[in-house]
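Descriptive analysis of the structure
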Amino acid sequence: MQSILEQVGIGNYIILSALLFCIGAFGILYRRNAIIMFMSIEIMLNAVNLLLVAFSTYHHDASGQVFVFFTMAVAAAEVAVGLAILVSIYRNIGNIDIDNLKNLKG
């Protein structure tokens, strides 16, 4: 019985991961809303995680899948700290537009 990776092919996973990463990079570069930027970073991290799992399965090595758990933990911490910073900025300024954050210089 073939695994799902052999049925779909590693090339399709690479294309999907590259597409997700490009969507995330587009969101970072062209959107100025902080929440959208955080979501774009998460999309980029998930694209890398998808590629790590695909290559880990392809090479029959679990180290890539273990590394995915670490990147998911870092992503969760990044979201928690980032949203806390955004809430603090919103309380002080009144909006979370990235262009207005340059006024926070000391």
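Treat the numbers as computed from the prediction; the structure is a model and nothing was measured. (Residues numbered from 1 in each chain as written. Predicted model: local features only at pLDDT ≥ 70, side-chain atom pairs only at ≥ 80, totals over all residues. Heavy atoms only, no water.)

Further remarks concern the overall build of the protein chain. Regarding its fold elements, the protein chain presents four helices and zero strands. Walking the protein chain from its N terminus toward its C terminus, one meets helices and strands in the order α-α-α-α. In terms of overall size, the protein chain is more extended than a compact globule, its C-alpha atoms giving a radius of gyration of 18 Å where 106 residues would be expected to give roughly 13 Å. Across the 106 residues of the protein chain, 21% fall into the buried class. (Helix = DSSP H or I, 4+ residues; strand = E, 2+ residues; numbered from the N terminus. Rg over C-alpha atoms; globule rule 2.2 N^0.38 Å. Buried < 20%, exposed > 50% of the residue type's maximum accessible area, 1.4 Å probe, protein only.)

Quick look at helix α2 (residues 10-30) now. In this model α2 runs 30 Å from its N-terminal to its C-terminal C-alpha over 21 residues, within 8% of the 30 Å that 1.5 Å per residue would give. Of the positions making up α2, those classed as buried are I10, Y13, S17, G24 and G27. Along the long axis of α2, the arc covered by the buried residues comes to 115°, so they all point the same way. Counted as exposed and oriented over 90 degrees from the buried face of α2: I15, L19, C22, F26, L29 and Y30. (Expected span 1.5 Å × (residues − 1). Arc of directions from axis to C-beta.)

Attention now goes to the packing of aromatic side chains. Considering all chains together, one arrives at one aromatic pair under this definition. With a centroid separation of 4.8 Å and 45° between ring planes, the pair formed by F26 and Y30 is classed as tilted. Remark: Y30 and F26 occur in helix α2; sequence separation between them is four residues, near one turn of the helix. Accessibility expressed as a relative area gives 51% for F26, which makes it exposed. (Phe/Tyr/Trp six-rings, centres within 6.5 Å; stacked < 30°, edge-to-face > 60°.)

Attention now goes to the confidence of the model for the protein chain. Of all residues in the protein chain, 93% attain a pLDDT of 70 or more, and the chain-wide mean is 87. Averaged over each element, pLDDT in the protein chain is lowest for helix α1 (residues 4-8) (76) and highest for α2 (94). (pLDDT = per-residue confidence, 0-100.)

Structurally, S40 is set in helix α3 (residues 34-58). Not counting chain neighbours up to four residues away, the residues in contact with S40 comprise G24, G27 and I28. (Contact = heavy atoms within 4.5 Å.)

Right, let's get into α3. The terminal C-alpha atoms of α3 lie 36 Å apart, and with 25 residues this matches the ideal 36 Å at 1.5 Å per residue to within 8%. For α3, every residue scored as buried is listed here: A34, M37, S40, M44, A47, N49, A54 and S56. Sitting at the head of α3, N33 places a side-chain oxygen 3.3 Å from the backbone nitrogen of I35. Phi turns positive one or two residues past the end of α3, at H60, with a value near 55°. (Polar contact = N/O pair within 3.5 Å; in protein donor to acceptor, adjacent residues only side chain to side chain.)

So, about unusual backbone geometry. Of note, H60 is a non-glycine position whose phi angle comes to about 55°, a positive value. With respect to the element layout, H60 can be found in the loop between α3 and α4 (63-93).

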